[in-house]
Amino acid sequence: MSFLKKIAKPVYHKAQDNSMGRRSITLAFLLRRLTRRFGSKEKASSYLAKNMHRFYITGSKFNKGTQIKNLFRKVDIHIPKSGFIFFLDEFKHLSEDGHIIDNISIDYSKVLKSSVYEYNELYFHPKAGRGFARDLSSDFIKNQLDALDGIELLIYRIIKKLRNSNHKDRAKFARYFENMIDKPAEHFEEALQRILFYNQLLWQTGHGLNGLGRLDKILEDCYFDDLNSGLITQEDAYDLIKSFLKTLHTYYWYKSAALMGDTGQVIILGGKYDDEYGEYYFYNDLTYMFIRAIKELHLPDPKVLLRVSSETPRDLIELSLETINTGIGSPLFSNDEVVIDKMIEFGYDKEDANNYVVSACWEPSAVGKGFEQNNINFISYLKPLNEFFDNETEQFLENVNSFGELFNSYKYYLKKDADELIAFLDNIEWNNDPLLSLFIDDCNEKNMDISQGGAKYNHYGITTVGLANTVNSLYAIKKLVFEDRKYSLNELNKMRKNNFKKDKYQAILTDLKNVNPRFGMDDEEILDISNEIIQFLEDCFKDYTNKFGGKIKFGLSAPSYISAGAEINASFDGRKAGEPLSTHISLDTNKDFTEVLRFASKLDYGGAKFNGNVVDLMLSPDFIKNHTDKFTDFIYSSIQLGFFQMQMNVVDSKTLIEAKENPEAHPNLIVRVWGFSAYFNDLPEEYQDLLISRALKNEGKIAS
Amino acid sequence: MTVRITNIQHFSLDDGPGIRTTVFLKGCNLTCPWCCNPENISFEIENYTHNSQNESFGYDISLKDLEKEILKDEAFYVENNGGVTFSGGEPLLQIRELEPLLKSLKSKNINICFETSLSAPSNLLEIAIQYIDEIFIDMKVLDKKEAKNVLNLDIDLYYENLELINSSNLDKKNITFRIPLNNEYTLKEENIKDILNCIEKYADFNVEIFKTHNLAESKCKSLNQEFTIFSPVDDEALNEVLEKIQELNSNAKIISL
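Every value quoted in this text rests on a predicted model; they were computed, and no experiment measured them.

As a further point, take the overall build of chain B. Within chain B one finds nine helices and 11 strands. Relative to the globule expectation of 18 Å for 257 residues, the C-alpha radius of gyration of chain B, 18 Å, shows essentially globular dimensions. Overall size of chain B, expressed as C-alpha extent along the three principal axes, is 45 × 45 × 30 Å. The buried share of chain B, taken over its 257 residues, is 52%.

Next comes the structure, spelled out in structure tokens:
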């Protein structure tokens, strides 16, 4: 999720009013990327200075299609000595007019089946007949045709350069590129190359967080054709997959958004589907190969999401667990038994729900059919609760006579934040996007750019954070103030406002921290409070539709737990001012994983509440290894029980602490953050500290 | 009807087949110096302070509430015979109180496992046997005098109970000896000889051996009890014992608890 970008964007768009401003903002982003690439600002600055002659931004006086054509004419082409062709020119930029649509997966199965020629055909004049005249009646089509010309131009430039290069298989790869002009992809390697090429185009045109989609399904035909005709063996295919993944891992510094590792490169594998004969689980050789490959390569990125159901083969779950046990934090399990139904309930066609993928982290969406911005902003549940207690007078608090009254006041504040968010959403302008419009249904049918509402689905997805802190705060107040009458609201609030600093507040601080039951426990009261809050938020959004007719969906997993915690005061769950909010759906102090799974399965994900709901487990190394069989049983039982999604961090506090003190000793230590995996050493200190403290809690070495 | 327990542990993976809920019953008449659950020895509820908070080991729970807690994880028992494990303390000592619960769980097809030292009157064990699907039997010090002195265990009663189990309808593959090993007591040459004899006699029981650990130190501190630190057992000694046992019972294995 592109957090920094979000903060920087208002500045950016103001600066766009003059071309100098646009240039300097783009340069600032470039410098940030280069700093990651070279590891220091000095090296980055000197590299930038030496290469300034390569710097280029398209002129915004041209339409977007022409700009794309100009960009693809200008990008520097890099041909490696062997293997897949994939390059990004960090100095060439497309002008940004409004927010660039990001965080989605295009449908690569269409890319494999179609050619530039076939895309061109979409825009021929219907009356003149196919192949005679281009239809230039609308700006949309002009843009589309220009963008297509740009793609064709770049393909020819690559072919020419390839032929003159020392690439080991230049003839073969030149043929793969030639085929992109007028043929569907036929072979497995060719298909992988074609996916990489179109993926490259998205990155080069400023799209971030580009998902890869259901690659085992997309590649199935090419793979089996090659295998059955004896062109490749399984081993060949496996080697190609590894090489493909390594290629995707290149330009890590370019692709990462808010944090290193935050690339959105998620590969979706497996998946439940049903037809008139019954329910099935889709998987094939490639499903296993992709997981085996990420395990063997031990890379944080790209990452895998495995769609699971009760019918998922046991050895696939076991392989996934073995992979997770290596510490790479992937695959994430997404429970099709729940996710698909919730998508249909929200309004997706059954076929699209069956074929779902996720945005950068966990947010389910229809592949290649949506403009869906699934992580457009977030709501903190805790902020309005704190605001209520910051703003209201002592006199007001004195007159709150019941928990019900307090809950209602909280809801009033929560609704204010929801309304503010809606106002923010309505003000967003989107960058015209001929490239995405080419691939996303139904832009071509509607003759409408995706940024204008051309897509089939146009929903906005938001994330929410801090539900655990809020539920625990409300429950603590309910117990201590309204049931046990140990304190008055004002007394408790005074302690909170003091950030629990005074010595005499230490006992109450411990009480608040250890409130039991708490969020994550299978307790009726806790579940009721949790479900009531999220139902209320859903009601706040119920009547909203955006200018394209899309609705709002939200989920309980958000990347903002550190940033959203940093800006607010202490809270009634014993969280001190500035400390992080709780992570996803987790219960770190408790090793009874069944408890948090039972809890998660009783949360209400219906209506609009399905935009990513991850149970986040912390495991000590070897826990899975020593109990593979039983842990596999646990996963199956959990699928039946009905969790939404689940991810696991296999870490031990000792290694994390050592790595923080001595990064060189642990260069390859990978951890799970948000919905992606990253090198521990690449993370900002506050993320490192949070992981250390969660690991310590999980090992029982510190209390909550 | 209530029983006295210290803890209910869901998602137990080392206390029998499948995913289990382990109930730790309070009270035991043995005095094993390496005991890792010293808070389960006394039959009384014990208060202590921790971080200047008053806390206590032990509470009484009604059978109804206990059953509710056990059934919470029913969904996780389905795969591979998961269920409930009664541990302690010595669970047989509260068997009369537990019996109605066992009956009810049995009727719901919940797999029932006991972890016992067999230091309980045989008539209590007889009650338990009707309900037990799986049993872990401690085997520690077997010399009559040593057992009495070190463990406060009546070894004749132990063997009598063992015979009772052996002659019951319990499937032998569901009976497991668990042998804690430490240099100070159980690993002594004479004792190992006795252990091997016993294993030979009941050759169709499973055998699991493990090193005792020093994890109970902080609990002992809370209880104001002395804790003797045991010397670390080296893997060689452990493997040596394993090999000897495997000559009699090839399925014997090392576990870590």
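Let us keep going from here.
Counting secondary structure elements, chain A contains 32 helices and 16 strands. Taking 704 residues into account, the globule formula puts the C-alpha radius of gyration at 27 Å, and chain A, at 26 Å, falls close to it. Across its three principal axes, chain A shows a C-alpha extent of roughly 80 × 60 × 55 Å. Counting all 704 residues of chain A, 63% fall into the buried class.

Attention shifts here to the interface of chain B and chain A. Contact with chain B, which involves 16 residues of that partner, is made by 23 residues of chain A. Summed over both partners, the interface of chain B with chain A buries about 1600 Å², with 56% contributed by carbon and sulfur atoms. Our count for the chain B to chain A interface comes out at one salt bridge. The shortest N-O distance in the salt bridge between Asp73(B) and Arg598(A) comes to 2.6 Å. Across the contact surface, chain B and chain A share 10 residue pairs in polar contact (both at pLDDT 80 or more). With three residues, the top contributor of residues to the side of chain B that touches chain A is strand E1 (residues 2-12) of chain B. Here the residues of the side of chain B that touches chain A sort into six nonpolar, six polar and four charged.

Residues and elements named next belong to chain A. Following the criterion strictly, the structure yields 64 salt bridges over all chains and no others. In this structure, the salt-bridge partner of Glu 178 is Arg 163, at a minimum N-O distance of 2.2 Å. With Glu 178 in helix H8 (residues 170-182) and Arg 163 in helix H7 (residues 139-163), this residue pair connects regions lying 15 residues apart in the sequence. Glu 178 sits in the partly exposed class, given a relative accessible area of 30%. A salt bridge links Asp 522 to Lys 602; its shortest N-O distance comes to 2.7 Å.

The next thing to look at is the sheet that holds strand E3 (residues 266-269) of chain A. Residues and elements named next belong to chain A. Taken in spatial order, the five strands of this open sheet run E3-E6-E7-E14-E13, and their pairing is mixed. Both edges of this open sheet fall to E3 and strand E13 (614-619), since each of them pairs with a single strand only. Each strand of the sheet is rotated relative to its neighbour by a mean of 25°, with strand direction disregarded. Where strand E7 (residues 332-335) lies against strand E14 (residues 645-650), two bridges are found, and the strand directions are antiparallel. The residue of E14 that forms the bridge with Phe 333 is Met 646. Sheet contacts for helix H28 (residues 593-602): E13 and E14; angle to E13, the most-contacted strand, approximately 175°. Along the sheet face, helix H30 (residues 628-641) touches strand E6 (303-308), E7, E13 and E14 and points at about 155° away from the line of E14.

For the rest of this paragraph, the subject is the packing of helix H20 (residues 403-426) of chain A against helix H26 (residues 524-541) of chain A. Residues and elements named next belong to chain A. For the pair H20 and H26, interaxial distance at closest approach is 10 Å and the crossing angle is 40°. Classified by the angle between their axes, H20 and H26 sit oblique to one another. The hand of the H20/H26 crossing is right-handed. Mapping the contact onto sequence places Phe 403, Phe 407, Tyr 410, Lys 411, Leu 414, Lys 415, Ala 418, Leu 421 and Ile 422 in H20 and Ile 529, Glu 532, Ile 533, Phe 536, Leu 537, Cys 540 and Phe 541 in H26. The class makeup of the residues in the contact of H20 with H26 is 13 nonpolar, no polar and three charged.

Residues and elements named next belong to chain A. For Gln 535, the location among the structural elements is in helix H26. The spacing of Gln 535 and Gly 606 is 71 residues in sequence and 9.2 Å in space, taken between C-alpha atoms. Those residues within four positions of Gln 535 in sequence are excluded, and the remaining contacts are Asp 604 and Lys 609.

This part takes up the environment of Gly466(A). Residues and elements named next belong to chain A. Locating Gly 466 in the fold gives a position in the loop between strand E11 (460-465) and helix H23 (467-483). With relative accessibility at 4%, the residue Gly 466 sits in the buried group. Distance from Gly 466 to Leu 581, taken between C-alpha atoms, is 5.4 Å for residues 115 residues apart in sequence.

Let us now look at the side chain of Ser530(A). Residues and elements named next belong to chain A. One can find Ser 530 in helix H26. When its relative accessible area of 0% is taken as the criterion, Ser 530 is described as buried. Apart from residues lying up to four places away in sequence, Ser 530 is in contact with Leu 467, Val 471, Phe 519, Phe 599 and Leu 603.

What follows deals with the sheet that holds E11(A). All names here are of chain A. An order of E10-E11-E12 is seen for the three strands of this open sheet, with the pairing classed as parallel. The open sheet is flanked by strand E10 (378-380) and strand E12 (552-555), the only strands paired with a single partner. Looking at each pair of strands side by side, their axes are set apart by 30° on average, direction ignored. With three bridges joining them, E10 and E11 adopt parallel strand pairing. Bridging across to E11, Ile 379 finds its partner in Thr 464. Its contacts with the sheet place H26 against E10, E11 and E12, and it is angled at close to 160° to E12.

Residues and elements named next belong to chain A. Under the defined criterion, the tally for this structure stands at 58 aromatic pairs over all chains. Note on Phe 403 and Phe 407: the rings are 5.6 Å apart at their centroids and 50° apart in plane angle, and the pair reads as tilted. One end of the pair is Phe 403 and the other is Phe 407, both in helix H20 and four residues apart, which spans about a single turn. Neither Phe 403 nor Phe 407 differs from the other in exposure class; each is buried. Aromatic side chains Trp 674 and Phe 676 sit 5.5 Å apart centroid to centroid with 90° between the ring planes, which places their arrangement in the edge-to-face category. Among the aromatic residues, those joined into a ring-pair cluster are Phe 388, Phe 389, Phe 396, Tyr 412, Tyr 413 and Phe 572. One Lys or Arg, Arg 292, reaches over the ring of Tyr 238 and ends 4.3 Å from the middle of that ring. A cation over a ring is seen here: Lys 411 above Phe 407, with NZ or CZ 4.9 Å from the ring centre.

A few words on the side chain of Ser119(B). Residue and element names in this part refer to chain B. Take Ser 119: it is sitting in the loop between strand E7 (111-116) and helix H4 (122-129). Judged by its relative accessible area of 5%, Ser 119 falls in the buried class. One polar contact links Ser 119 to Asn 29, side chain to side chain, over a distance of 2.8 Å. Discounting chain neighbours no more than four positions away, the residues touching Ser 119 are Asn 29, Leu 30, Glu 90, Leu 93, Leu 153 and Leu 157.

All names here are of chain B. Counting buried positions along H4 gives six out of eight residues, so the element sits mostly inside the fold. All buried positions along H4 are accounted for by Ser 122, Leu 124, Leu 125, Ile 127, Ala 128 and Ile 129. Buried residues along H4 sit in contact with helix H3 (95-107) and helix H6 (155-166).

Turning our eyes to something else, we now look at unusual backbone geometry. With an omega dihedral of 0°, the bond running from Ser330(A) to Pro331(A) counts as a cis peptide bond. Here Pro331(A) is to be found in the loop between helix H15 (314-328) and E7. Omega for the peptide link from Asn516(A) to Pro517(A) comes to 0°, which places this bond in the cis form. Position of Pro517(A) among the secondary structure elements: in the loop between helix H25 (506-513) and H26. At Asn152(B), a residue that is not glycine, the phi angle is positive and equals roughly 65°. With respect to the helices and strands, Asn152(B) occurs in the loop between helix H5 (144-151) and H6.

We now examine the pairing of E3(A). All names here are of chain A. Side chains Val 266 and Ile 268 project from E3 onto one buried face, and the interleaved Ile 267 and Leu 269 project onto a second face that is buried too. Pairing geometry for E3 and E6, over four bridges, is parallel. By the bridge assignment, Leu 269 is partnered in E6 with Leu 306.

Rules used in this analysis
Residues numbered from 1 in each chain as written. Chains lettered and ligands numbered in written order. Predicted model: local features only at pLDDT ≥ 70, side-chain atom pairs only at ≥ 80, totals over all residues. Heavy atoms only, no water. Helix = DSSP H or I, 4+ residues; strand = E, 2+ residues; numbered from the N terminus. Rg over C-alpha atoms; globule rule 2.2 N^0.38 Å. Buried < 20%, exposed > 50% of the residue type's maximum accessible area, 1.4 Å probe, protein only. Contact = heavy atoms within 4.5 Å. Buried area = accessible area lost by both parts, 1.4 Å probe. Salt bridge = Lys/Arg side-chain N within 4 Å of Asp/Glu carboxyl O. Polar contact = N/O pair within 3.5 Å; in protein donor to acceptor, adjacent residues only side chain to side chain. Nonpolar A, V, L, I, M, F, W, Y, C, P; charged D, E, K, R; others polar. Pairing = 2+ DSSP bridges. Axes fitted to C-alpha atoms, helices over the stretch in contact; angles between N-to-C directions. Parallel < 35°, antiparallel > 145°, perpendicular 65-115°, else oblique. Left-handed = near helix turned anticlockwise from the far one by under 90°. Phe/Tyr/Trp six-rings, centres within 6.5 Å; stacked < 30°, edge-to-face > 60°. Lys NZ or Arg CZ within 6 Å of the ring centre and 35° of its normal.

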